[in-house]
Amino acid sequence: MSATFLGMPPFPTAARTALANEQLRSNLRHATGTIRAKRAVVVAEVDDWEDLRTAGAAVKDAALRHLDEHLVVLEQALTARGATVHWARDAAEACAVVADVARAHGVDEVVKVKSMATQEIGLNEFLADRGIAAWETDLAELIVQLGGDLPSHILVPAIHRNRAEIRDIFRQRMGAAGRPAPVDLTDDPGDLAGAARLHLREKFLRARVAVSGANFAVADTGTLVVVESEGNGRMCLTLPEVLVTVVGIEKVVPTWSDLDVFFQLLPRSSTGERMNPYTSTWSGVTQGDGPQEVHVVLLDNGRTRALADPVGRQALRCIRCSACLNVCPVYERVGGHAYGSVYPGPIGAILNPLLRGVGSDPQTDSLPYASSLCGACLEVCPVKIDIPSVLVDLRRQVVDAHRRQRVPTPEATVMRAAAWAFGDARRLSLGERLAGLGAPASRWLGPLVPRWSSSRDMPTVPRESFRRWWRRERAEGGRS
Amino acid sequence: MSARDDILAAVRAAVATAPEPPAVPRAYRGHPSPEGLVDLFLERVADYRATVMRCAPGDLLATVERALGRRRSVIVPRGLPIELPYATTDSGHTATELDRFDAVVTTAAVGIAQTGTLVLDHGPGQGRRALSLVPDRHVCLVRAGQVVSGVPEAIARLDPGRPQTWISGPSATSDIELSRVEGVHGPRTLIVVLVDGA
Ligand code: SF4
């Protein structure tokens, strides 16, 4: 029922398709604009926001620097509290653990709370192939799953669907998956949410096995954390007898008290709220409360590869808030699907090559170029990931990898030049001046990259460059 | 080698030459508590479109009865500080049985003023996690003395060994064209009763 990102075309091709979809672009514009505004308001009310960002980055860096020790402590704490810890080198190993647990309990379905890690490893497809249905329970994920679709945004995965489309999907597809939608279902968001509540409650009350991810894993106490809005997370974490949580190893924070940074940074950066409606924390098994069999899968799947990259390892600080997506001018125009991965937007443009390795496939290698290096992502990132610097470094790595090919691809040549120009602020300003602002963009990109420019409608370069505008805005006290 | 050994070895190799990061600056901690904590708490709770009620300790029972309205299908945990004659005390009901109750009344462990958050650590008076999740109306009692200023103060007070539920308003979604809808899977109505002078 669900689609997969495997074998997606490289970014420029996928972006061309997305750019042609007017509905998608208008939904995205509305969504990213709304979230940006909400975020700005709640961030402005925190006096020590910069202190929090600095602390957030430092906690993650400290955790990553001694990740081996923290993982061992986490394993001990979890085991002492009755959880079973599994280690998975890659997607297949992680999926196999979940399938084995489901099989041991003789179930043919599991309920799931939205998790990027389980999506990254293709868990739903893996289970489906083995006759186990994995029901997504976030409203947006439900819409995506019933629509046989792919999520397009970390936070609002169904942002590419409008209310009328959602009503049609519910009417046509809910019946085959369980309790059907009411026949007179309207496209009012309240009605649609009500239909989802009834459809999913049937599944929550029946399910014996649940699968989740975790936003944080606290090493010293063995505490896992799920941050959410709808309550489907609480349902999955509380009602079934068995819970399997798939956790990327980079989710570790050393101590319980470190959460006091992230519980402030994440909700404000993410949904633009002072606090998200629900956060659940649990440490192993609690007698008489919640699942009495608890499994934790510690997942590598490329994270140690990313950790070995001296420039790129900071990407593992990411707390998946999606603030960088919402400020990204490229993302706003092409949407998440064009990135061909569960991790879209600026963070996806660095995380995917870091996890998979540069030179592994053309799709991955095209991602570091899916950016104008405007720097807005760094400005909003709650853990101060310097995405532009990582992008530039990855471009260098892509060019190096391709240099070994006998005939350099046109992109490699151009991108080497671009990496050189974009790699230094002074060169870039010079380039902007040389290109002549106010001229068609093709004058300075078009002739070099015909295949790229043919997918653009060649906007006129604004009289003022983004970088110059940014400097001026900030000088005038403007805020993103 | 086992997956565990492989992953740990890969981590060690990856960070072997990485620089030691500086100590974590904790400047964000230890701000003095602002005046009017309880008022701020209630204002922020109300911002999430939760209902807020406030009473003296002696009026607690009457206030809870008002919060419940005419609902008599009410479940409560052991250790609730008030006695509701018509309420059922939780004795390990199944989720399906919990689904038949209209309302649940619990206490909380901590209230956070700056974010308008209630934290339940599911001790006596709060009940196991399913109890405050399945019924559609949650009436939650908070004593004024339980309200702290911000997230750091709350984290410092709470025991990570206990399961916790942090609640900021009723469940909500903005997944459909970003219009906010209150009430998806958790209780659709949240009523916070603040008990003064306690
Ligand atoms: S990179 Fe930063 S801004 Fe982007 S999702 Fe991760 S934490 Fe958020």
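I will try to describe carefully the structure that is included in this document. Predicted model, so just to flag it, every value in this text is computed and none were measured. (Residues numbered from 1 in each chain as written. Chains lettered and ligands numbered in written order. Predicted model: local features only at pLDDT ≥ 70, side-chain atom pairs only at ≥ 80, totals over all residues. Heavy atoms only, no water.)

Re the overall build of chain B
Scanning chain B for helices and strands turns up 5 helices and 12 strands. Whereas a compact globule of 198 residues would reach a radius of gyration of roughly 16 Å, chain B reaches 21 Å, over 25% beyond that. Judged by the C-alpha coordinates and their principal axes, chain B covers about 65 × 45 × 40 Å. With 198 residues in all, chain B has 57% of them scored as buried. Once local pairs closer than 6 in sequence are excluded, the contacts in chain B between residues at least 24 apart make up 69%. When the accessible surface of chain B is summed, it comes to about 8000 Å², and 50% of that surface belongs to carbon and sulfur atoms. (Helix = DSSP H or I, 4+ residues; strand = E, 2+ residues; numbered from the N terminus. Rg over C-alpha atoms; globule rule 2.2 N^0.38 Å. Buried < 20%, exposed > 50% of the residue type's maximum accessible area, 1.4 Å probe, protein only. Contact = heavy atoms within 4.5 Å. Areas by Shrake-Rupley, 256 points an atom, 1.4 Å probe, with all protein chains shown as cover.)

Focus: the pairing of strand β4 (residues 103-107) of chain B
Residue and element names in this part refer to chain B. Burial runs high along β4: 5 of the 5 residues are buried. The side-chain alternation of β4 yields two buried faces, one formed by A103, V105 and T107 and the other by V104 and T106. Strand direction decides the pairing type here: strand β2 (residues 74-76) and β4, joined by 2 bridges, are parallel. Counted as the bridge partner of I75 is V104 from β4. (Pairing = 2+ DSSP bridges.)

Things to note about the side chain of A:R313
Turning to its location among the elements, A:R313 is positioned in the loop between α13 (303-307) and α14 (323-327). No salt bridge forms around the buried A:R313; measuring N to O, its nearest opposite-charge neighbour A:D309 is 7.1 Å away. The residues contacting A:R313, other than those within four sequence positions of it, are A:L64, A:A306, A:L307, A:A308, B:A14, B:A18 and B:P19. (Lys, Arg positive; Asp, Glu negative; His and termini not counted. Salt bridge = Lys/Arg side-chain N within 4 Å of Asp/Glu carboxyl O.)

A word on the packing of helix α2 (residues 22-44) of chain A against helix α12 (residues 259-270) of chain A
Orientation of α2(A) relative to α12(A), taken along the N-to-C sense of each, is 145 degrees, at an axis distance of 7 Å. For the pair formed by α2(A) and α12(A), the contact residues are A:I35, A:R39, A:V42 and A:V43 on the first element and A:R268, A:S269 and A:S270 on the second. (Axes fitted to C-alpha atoms, helices over the stretch in contact; angles between N-to-C directions.)

Considering the pairing of strand β6 (residues 223-228) of chain A
Residues and elements named next belong to chain A. With respect to burial, β6 is a largely interior element, 5 of its 6 residues being buried. Where strand β5 (residues 216-218) folds back on β6, the antiparallel hairpin that results is connected by 4 residues, among which G222 adopts a positive phi of roughly 65 degrees. With 6 bridges connecting them, β6 and strand β9 (residues 278-283) associate as antiparallel partners. Directly across from T223, in β9, lies its bridge partner S283.

Some remarks on the packing of helix α8 (residues 139-146) of chain A against helix α9 (residues 163-177) of chain A
All names here are of chain A. In contact at an axis separation of 9 Å, α8 and α9 are set at 75 degrees when each is read in the N-to-C sense. The orientation of α8 relative to α9 falls into the category roughly perpendicular. Across the interface between the two elements, L139, L142, I143 and L146 from α8 touch I166, I169, F170, R173, M174 and A177 from α9. Counted by class, the contact of α8 with α9 contains 9 nonpolar, no polar and 1 charged residues. (Parallel < 35°, antiparallel > 145°, perpendicular 65-115°, else oblique. Nonpolar A, V, L, I, M, F, W, Y, C, P; charged D, E, K, R; others polar.)

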